Amino acid sequence: MEGTQDKFSSLMRKGKLEMPFADFEDNTMRRIQAELKYKVSIRRNFRISFIFFVLGTGFGLIINSILSNADEFILGLAPETVLMAFQLIFVLVVLTQSENIYRLFLKLKE
């Protein structure tokens, strides 16, 4: 029985893992906590971005509707010209923000 105990003890000593650095465990835990904070902030940023994207799109559609019903000149420009400029800018902003939200979504999935 004692021989088995000695063999077991020697096996346990051989299986002991040596840490490469004295503060290896602390650094690993700090890195895990930093990654967790990063993922939480990405989720929060995604939610906020999506909410503001929807609100901005709705606001843009309301302005588009108001401009399409305008009959008078706006700042000396024809309503059709102002509407066309606004629609062009609106589409560009929606496309760029959609791409940004998509990239944020991909980061969230990582």
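Residues numbered from 1 in each chain as written. Predicted model: local features only at pLDDT ≥ 70, side-chain atom pairs only at ≥ 80, totals over all residues. Heavy atoms only, no water.

Visitor: Quick rundown of the overall build of the protein chain? Include the residues and the values.
Guide: A tally of regular secondary structure across the protein chain gives three helices and zero strands. Its C-alpha atoms give the protein chain a radius of gyration of 30 Å, more than 25% over the compact-globule value 13 Å for 110 residues. Summarising its shape, the C-alpha atoms of the protein chain cover approximately 100 × 25 × 15 Å along the three principal directions. Taking all 110 residues of the protein chain together, the buried fraction comes to 9%. Taking the average place of the 14 positive charges on the side chains of the protein chain and the average place of its 12 negative ones, the gap between the two points comes to 9 Å. (Helix = DSSP H or I, 4+ residues; strand = E, 2+ residues; numbered from the N terminus. Rg over C-alpha atoms; globule rule 2.2 N^0.38 Å. Buried < 20%, exposed > 50% of the residue type's maximum accessible area, 1.4 Å probe, protein only. Lys, Arg positive; Asp, Glu negative; His and termini not counted. Charge placed at Lys NZ, Arg CZ, Asp CG, Glu CD.)

Visitor: Break down the layout of surface pockets for me, citing the residues and quoting the values.
Guide: Here the largest pocket defines a volume of roughly 190 Å³. As for the largest pocket, its lining consists of Ser-49, Phe-52, Phe-53, Gly-56, Thr-57, Gly-60, Phe-86, Phe-90, Val-93, Val-94, Gln-97 and Ile-101. Listing elements by their share of the lining of the largest pocket, those giving two or more residues are helix 2 (24-68) and helix 3 (79-109). Classifying every residue of the lining of the largest pocket by side-chain character gives seven nonpolar, five polar and no charged. (1 Å grid on protein atoms, 1.4 Å probe; cavity = no way out; pocket = protein on both sides within 12 Å on 5 of 7 lines; lining within 4 Å. Points joined across faces, edges and corners; volume = space filled by probe spheres on them. Nonpolar A, V, L, I, M, F, W, Y, C, P; charged D, E, K, R; others polar.)

Visitor: Before we move on, could you go through the pattern of salt bridges and cite the residues and values that matter?
Guide: Inspection of the entire model under this criterion finds one salt bridge. With a closest N to O distance of 2.7 Å, Glu-99 and Arg-103 form a salt bridge. Linking Glu-99 with Arg-103, this pair stays in helix 3, spanning four residues, or about one helical turn. Residue classification places Glu-99 among the partly exposed positions, given a relative accessible area of 40%. (Salt bridge = Lys/Arg side-chain N within 4 Å of Asp/Glu carboxyl O.)

Visitor: Residue-level account of a nonpolar patch on the surface, with values.
Guide: Together, Ile-48, Ile-51, Phe-52 and Leu-55 make up a nonpolar patch on the protein surface, roughly 420 Å² of accessible area in all. For Leu-55, the position within the fold is in helix 2. For Leu-55, a relative accessible area of 54% gives the class exposed. (Patch = residues over 30% accessible without salt bridge, like charges linked within 9 Å, V, L, I, M, F, W, Y side chains within 5 Å. Areas by Shrake-Rupley, 256 points an atom, 1.4 Å probe, with all protein chains shown as cover.)

Visitor: Residue-level account of the packing of helix 2 against helix 3, with values.
Guide: The relative placement of two packed helices is expressed as an angle between their axes plus a distance between the axes. Two elements in contact, helix 2 and helix 3, have axes separated by 10 Å at closest approach and are oriented at 165°. Here helix 2 lies roughly antiparallel to helix 3, going by the angle between them. Classified by chirality, the crossing of helix 3 by helix 2 is left-handed. (Axes fitted to C-alpha atoms, helices over the stretch in contact; angles between N-to-C directions. Parallel < 35°, antiparallel > 145°, perpendicular 65-115°, else oblique. Left-handed = near helix turned anticlockwise from the far one by under 90°.)

So, to be careful, I would describe these as geometric facts and stop short of saying anything about function.
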